[in-house]
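Chains, contacts and geometry: an overview
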Amino acid sequence: MATVTNEIEIASSFPAEKVFKAFKNFEIIAPKVLTAVFKSIDTIEGNGGVGTVKLITFGDAVPFTQAKYKVDTFDESNFSYSYTFFEGDNLMGILASITQHVKVIPSGEGCTFKQTIVYNCKGDEKPSKETLKTEKEIYEQTYKAIEAYAAAHPEEY
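Residues numbered from 1 in each chain as written. Predicted model: local features only at pLDDT ≥ 70, side-chain atom pairs only at ≥ 80, totals over all residues. Heavy atoms only, no water.

1. Brief notes about the environment of D60
Note on placement: D60 falls in the loop between strand 3 (53-58) and strand 4 (66-75). Looking at D60, the relative accessible area reads 72%, which means it is exposed. Sequence separation of D60 and T35 is 25 residues, and the distance between their C-alpha atoms is 8.4 Å. Residues within four places of D60 in sequence aside, it is in contact with A36 and K39. (Helix = DSSP H or I, 4+ residues; strand = E, 2+ residues; numbered from the N terminus. Buried < 20%, exposed > 50% of the residue type's maximum accessible area, 1.4 Å probe, protein only. Contact = heavy atoms within 4.5 Å.)

What follows is the structure in structure tokens.
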């Protein structure tokens, strides 16, 4: 069983606390700011913490329709969390799962947002380089949109 890793690292002038708080509200913010990527994100089991299962309905800008993921870890004190996609057409028929690790690292007045995506393949077939490039661009676009939303709503973040 092969694995492929994709990494995103973005420097931000915003404090880690502010960035992490915005990403805690990902399911609320993302469908507002990136409707072409996220039509909706619904909790189908749990209270938002570890073990919670969510359903993403994707927008027209991505070649997938729906995906389910489970929150694996959530550590607010260290600004980190992880979750695993376990069902949906985003697994492209070749993946057993996709695990995402997110860490916001304080750095001076700002922070660094790090996201590591691990594609766990069913066999030897892997996502294409073009697919990985496109997904990385969408993840970067998503970060920037969430950050911009937080900046525009200082009373919330």
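2. Considering the side chain of S97
Relative to the helices and strands, S97 resides in strand 6 (residues 95-107). When neighbours within four sequence positions are excluded, S97 is seen to be in contact with T84, F85, L91, V118, Y119 and N120.

3. Considering empty space enclosed by the protein
In the structure shown here, the tally under the stated rule is one cavity of 30 Å³ or more. Roughly 40 Å³ of volume is contained in the largest cavity. Breaking the lining of the largest cavity down by element, the ones donating at least two residues are helix 1 (16-24) and helix 3 (129-152). The biggest single contributor to the lining of the largest cavity is helix 3, with five residues. (1 Å grid on protein atoms, 1.4 Å probe; cavity = no way out; pocket = protein on both sides within 12 Å on 5 of 7 lines; lining within 4 Å. Points joined across faces, edges and corners; volume = space filled by probe spheres on them.)

4. A few points about the sheet that holds strand 5 (residues 80-88)
With antiparallel pairing, seven strands are arranged side by side in an open sheet as 1-7-6-5-4-3-2. Each edge of the open sheet carries a strand with a single partner, namely strand 1 (3-12) and strand 2 (38-45). The sheet shows a mean angle of 20° between the axes of neighbouring strands, direction not considered. With eight bridges joining them, strand 4 and strand 5 adopt antiparallel strand pairing. Bridge pairing in strand 5 places K68 opposite E87. Together, strand 2 and strand 3 form the strand contacts of helix 2 (residues 26-33), whose direction differs from that of strand 2 by roughly 160°. (Pairing = 2+ DSSP bridges. Axes fitted to C-alpha atoms, helices over the stretch in contact; angles between N-to-C directions.)

5. A closer look at the UniProt feature "domain: Bet v I/Major latex protein" (unreviewed entry) in the protein chain
Mapped onto the present numbering, the UniProt feature "domain: Bet v I/Major latex protein" (unreviewed entry) falls on residues 4-149. For residues 4-149, the end-to-end C-alpha separation is 31 Å, with 26% helix and 46% strand making up the annotated structure. (UniProt positions renumbered as here; feature names shortened; annotations may be inferred.)

6. A few points about the nonpolar core
Within the largest apolar cluster, 47 residues are counted, with the highest numbers of intra-cluster contacts made by V19, F23, F38, F85, V104 and Y119. When residues in this core are grouped by element, the largest group, eight residues, is from helix 3. In contact with V19, other than residues within four places in its own chain, are S12, F14, V104, C111, F113 and Y143. (Core = buried A, V, L, I, M, F, W, Y, C linked by side-chain atoms within 4.5 Å.)

7. With respect to the side chain of E147
Note on placement: E147 falls in helix 3. The buried charged residue E147 lacks any salt bridge, with K144 as its nearest oppositely charged partner at 8.4 Å. Of note is the side chain of E147, whose polar atom sits 2.4 Å from the side chain of S12. If we ignore the near neighbours within four places in the chain, the residues touching E147 are S12 and F14. (Lys, Arg positive; Asp, Glu negative; His and termini not counted. Salt bridge = Lys/Arg side-chain N within 4 Å of Asp/Glu carboxyl O. Polar contact = N/O pair within 3.5 Å; in protein donor to acceptor, adjacent residues only side chain to side chain.)

8. Focus: the packing of helix 1 against helix 3
Contact geometry of helix 1 with helix 3 gives a least axis separation of 10 Å together with a crossing angle of 105°. The angle between the axes of helix 1 and helix 3 places the two elements in the roughly perpendicular class. For the pair formed by helix 1 and helix 3, the contact residues are K18, V19, A22 and F23 on the first element and Y143, I146 and A150 on the second. Split into classes, the residues belonging to the contact of helix 1 with helix 3 amount to six nonpolar, no polar and one charged. (Parallel < 35°, antiparallel > 145°, perpendicular 65-115°, else oblique. Nonpolar A, V, L, I, M, F, W, Y, C, P; charged D, E, K, R; others polar.)

9. Let's talk about the layout of surface pockets
There is about 610 Å³ of room inside the largest pocket. As for the largest pocket, its lining consists of 34 residues, of which F26, F38, I56, Y83 and F85 are closest to the centre. Where the lining of the largest pocket is concerned, the elements lending two or more residues are helix 1, helix 2, strand 3, strand 4, strand 5, strand 6, strand 7 (110-121) and helix 3. At seven residues, helix 3 tops the list of elements feeding residues into the lining of the largest pocket. The class makeup of the residues in the lining of the largest pocket is 22 nonpolar, eight polar and four charged.

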